[in-house]
Amino acid sequence: MSDWNPRCVVVGAGTVGASCAWHLKRRGAQVTLIDSELPGMSTSYGNAGCISPSHVIPFSYPGVGWKVPGWLFDPLGPLKIRWQDLPRLVPWLWRFWRSGTAAGVMRAARAQKALMDRVVTDFDQVLSAIGASDMRRAMGVIVVYDRREHFEAERWQFELLEQLDFEWEYLSPAELRIMVPALDVGTGMAIYLPDWQHVLSPAGVTARIAEACFGAGGEWLQDRVRSVRATEQGVTVGTEGGRELRAEYLVIAAGVWSNALARQLDYTVPVNPKRGYHSMIAQPGVELDYPIESGSRRFVMTPMAEGLRLAGTAEFAALDAPPDYRRARVLREHAQRYLPGIRFEGVTEWMGQRPMTPDSIPIISGSPGHRNVFYAFGHGHYGLTQGPTTGDIITRLVFGEEPGLDLSPYRFDRFHKS
Ligand SMILES: Cc1cc2nc3c(=O)[nH]c(=O)nc-3n(C[C@H](O)[C@H](O)[C@H](O)COP(=O)(O)OP(=O)(O)OC[C@H]3O[C@@H](n4cnc5c(N)ncnc54)[C@H](O)[C@@H]3O)c2cc1C
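Procedures and definitions
Within any chain, residue numbers begin from 1 and follow the written order of that chain's sequence. Thresholds applied to this predicted model are a pLDDT of at least 70 for local features of residues and 80 or more for the giving and counting of side-chain atom pairs; totals over whole chains, interfaces and linings are not thresholded and use all residues. To obtain the side-chain values, all non-hydrogen atoms of the structure were used and water was disregarded. Think of it this way: the bend at a residue is just the angle between two axes, each fitted to seven residues, one set ending at that residue and the other starting at it. Under the DSSP-based scheme used, a helix requires at least four consecutive residues in state H or I and a strand at least two consecutive residues in state E, with every element numbered from the N terminus. Buried residues are those whose accessible area, probed at 1.4 Å on protein chains only, stays under 20% of the maximum for their type, while exposed residues exceed 50% and partly exposed ones sit between those limits. Axes, fitted as lines to C-alpha atoms, cover a helix only where it is in contact. Angles between the N-to-C directions of the axes lie from 0 to 180 degrees. Geometric relationships in this document are graded by angle, where less than 35 degrees denotes roughly parallel, more than 145 denotes roughly antiparallel, 65 to 115 denotes roughly perpendicular, and other angles denote oblique. Rotating anticlockwise by less than a right angle from the far helix to the near helix defines a left-handed crossing, while the corresponding clockwise rotation defines a right-handed one. Should any heavy atoms of two residues lie within 4.5 Å, those residues are counted as being in contact. By the convention adopted, Pro, Cys, Tyr, Trp, Phe, Met, Ile, Leu, Val and Ala count as nonpolar, Lys, Arg, Asp and Glu as charged, and the other residues, Gly among them, as polar. In this scheme, strands are said to pair when DSSP sees at least two bridges between them. Working definition: rings of Phe, Tyr and Trp (its six-membered ring) pair if their centres are within 6.5 Å, and the pair is stacked with planes under 30 degrees apart, edge-to-face with planes over 60 apart, and tilted otherwise. For every domain, the bounds stem from an assignment made automatically or drawn from a database. Joining two parts hides part of their accessible area as seen by a 1.4 Å probe, and the buried area is that hidden amount summed over both. Note on definitions: salt bridges are taken to be side-chain nitrogens of Lys or Arg within 4 Å of carboxyl oxygens of Asp or Glu. Counted as a polar contact is a pair of N or O atoms within 3.5 Å, where, for protein atoms, one must be capable of donating a hydrogen and the other of accepting one, and residues adjacent in sequence contribute only when both atoms are in side chains.

1. Some remarks on helix α10 (residues 383–398)
Then comes step 1: Where α10 bends most, the angle comes to about 30 degrees, and this point is T389.
Then comes step 2: Of all the 16 residues making up α10, 14 are buried; the element is thus mostly covered by neighbouring parts of the structure.

Below, the structure is given as structure tokens:
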């Protein structure tokens, strides 16, 4: 801890904001964490719970444009664009498509790898410091494909992972039967990636990180931030509840809602909601030790403290559009395909909005216009995985220290320049 105790306000108590608040507090800052919801109750509540270091390949890659018509016409396919929201999405999709060159894929994969190389160690550090290591399992992940052709279509991704030094291996049917007796992949196949971990409750882990910050003296405020201002003298945060907070530093970690605040300080960036759904099965009647990802059907089955979570799918819709829970139901049909013995007792459904940048790289950055404002959002599919690492980097930036990696790929202003 240093002798310097700057006053910091962090907006957003998802995994990313809670991790920023925890790291800042640990270094000795005076921290106020603000959220209109309780910690971990928004997007960070219902994700698949996977710490997935090898997920470095961006979602836009050569040829992806040909898939857009399918996304529009198949209402329950793994990726869906709602017709009525298409006009609003076009600028984002344009950037998405443009970033998907061979060079763009390599650039994004290297930027993600620089973060992902640290995520397991950084997660370990937080969980052990707060006494919550028992909320995480280090089992790896099994990726299944319904047909060999599905894997062959993605083989380039595994070859790229190899180039980037990630380990993966084929599983024989016999190995698969021993590892997951309840699983049936039919004529399909399976791959194992040993470096993945999973948490038993993403919301629980996030709440524990936030509570550890409060336990060390951090302040909690449940309120909605309406206004943010920054001058050379400091930052001012106004809330719907009528509070006005003054501080030396402000961290915006408000997930998919961050643009509403960034607009008041700098300008908006292309971060769009990419919705996902889950079905949580309290009594599934089958036991899994490993998370299982379907490469064919684009969802994950993760064993958690409160049952089996089926999470995934992607849907582009306006931020305030109503959820389409048919997508959560489809996940149950998919799960039945792999787990013939599954029962659906005690089912709950959920929708969350991933904050998605077109290049799949998060924003971890100082503000272009204000030396005392920092941005930590846009983590898309990997906000749980990268939360603790982001918290560490933001804290180093606030304390004027070397972050330990080149931060140019994660800059807030990278979209402004292109
Ligand atoms: C189906 C699904 C599966 C996923 N699986 C995984 C996975 O396995 N692994 C992984 O790493 N990631 C996964 N993700 C992605 C992950 O959930 C997100 O990247 C992550 O939750 C984003 O965290 P965050 O802290 O940025 O945002 P959030 O958790 O959304 O937190 C932002 C907070 O800011 C608050 N806020 C916003 N505006 C204001 C305001 N004006 N005033 C006050 N508070 C405000 C919100 O209330 C919210 O609590 C998945 C996502 C989905 C949808």
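2. Brief notes about the packing of helix α1 (residues 15–26) against α10
Then comes step 1: As a packed pair, α1 and α10 sit with axes 7 Å apart at the nearest point and diverge in direction by 40 degrees. It follows from the interaxial angle that α1 and α10 lie oblique. In the crossing of α1 with α10, the sense of the turn from one axis to the other is right-handed. Two secondary-structure elements touch here, α1 through T15, V16, S19, C20, H23 and L24 and α10 through G383, L384, G387, P388, T390, G391, D392, I394, T395 and V398.
Then comes step 2: Class assignment for the residues of the contact of α1 with α10 results in seven nonpolar, eight polar and one charged.

3. Focus on the pairing of strand β18 (residues 307–316)
On any regular strand, side chains alternate: one points to one face of the sheet, the next to the other face.
Then comes step 1: Summarising burial for β18: ten of the ten residues are buried, a large majority.
Then comes step 2: Alignment of strand β4 (residues 79–81) against β18, held across three bridges, turns out to be parallel. Each residue of the ladder has a partner; that of I81, found in β18, is F316.
Then comes step 3: Pairing of strand β17 (residues 299–304) with β18, which is carried by six bridges, proceeds in the antiparallel orientation. Across the sheet, residue T302 finds its bridge partner in β18, namely R309.
Then comes step 4: Linking β17 back to β18 in an antiparallel pair, the connection comprises two residues.

4. So, the packing of aromatic side chains
Then comes step 1: Applying the stated criterion across every chain yields a total of 22 aromatic pairs.
Then comes step 2: Their ring planes at 15 degrees and their centres at 5.2 Å tell us that W92 and F96 sit as a pair that is stacked. With W92 and F96 both in helix α3 (residues 86–99) and four residues apart, this pair spans about one turn of that helix.
Then comes step 3: What links up through ring pairs into an aromatic cluster is the set Y145, F151, F158, W168 and Y170.

5. As for the domain arrangement of the protein chain
It is common to give the size of an interface as the accessible area that goes away when the parts come together.
Then comes step 1: Under the domain assignment, the protein chain is made up of domain 1 (7–44 + 204–270 + 360–417) and domain 2 (58–98 + 130–198 + 271–356).
Then comes step 2: Taking only C-alpha atoms into account, the centre of domain 1 sits 28 Å from that of domain 2.
Then comes step 3: Taken residue by residue, the interface counts 23 residues in domain 1 and 19 residues in domain 2.
Then comes step 4: In total, domain 1 and domain 2 occlude about 1,800 Å² of area from one another, counting both sides; carbon and sulfur atoms represent 66% of this.
Then comes step 5: For domain 1, the biggest contributors to the area lost against domain 2 are V256, P270 and H381; these three give 34% of the whole.
Then comes step 6: Linking domain 1 with domain 2 are zero salt bridges, by the criterion used here.
Then comes step 7: Our count for the contact surface shared by domain 1 and domain 2 stands at nine residue pairs in polar contact (both at pLDDT 80 or more).
Then comes step 8: Per element, the largest residue contribution to the side of domain 1 that touches domain 2 is five residues, and it comes from helix α7 (residues 202–215).
Then comes step 9: Across the side of domain 1 that touches domain 2, the residue classes break down as twelve nonpolar, ten polar and one charged.

6. Looking at the sheet that holds strand β11 (residues 225–231)
Then comes step 1: In space, the three strands of this open sheet follow the order β11-β12-β13, with antiparallel pairing throughout. Only two strands of the sheet have a single neighbouring strand rather than two, namely β11 and β13 (244–247). The average angle at which neighbouring strand axes cross in this sheet is 15 degrees, direction not considered.
Then comes step 2: Alignment of strand β12 (residues 234–239) against β13, held across four bridges, turns out to be antiparallel. Note on β13: the bridge partner recorded for V235 is A247.

7. What to know about the sheet that holds strand β2 (residues 30–35)
The pairing of strands in a sheet happens through backbone hydrogen bonds and is either parallel or antiparallel.
Then comes step 1: Read from one edge of the open sheet, six strands run β10-β2-β1-β14-β21-β20, paired in mixed fashion. Edge positions in the sheet fall to β10 (219–222) and β20 (363–366), since each of these pairs with one other strand and no more. Shown here is a sheet whose adjacent strand axes are inclined to one another by a mean of 15 degrees, direction ignored.
Then comes step 2: Examined bridge by bridge, β2 and β10 share four bridges and lie parallel to one another. In the sheet register, I34 faces β10, and the bridge partner there is L221.

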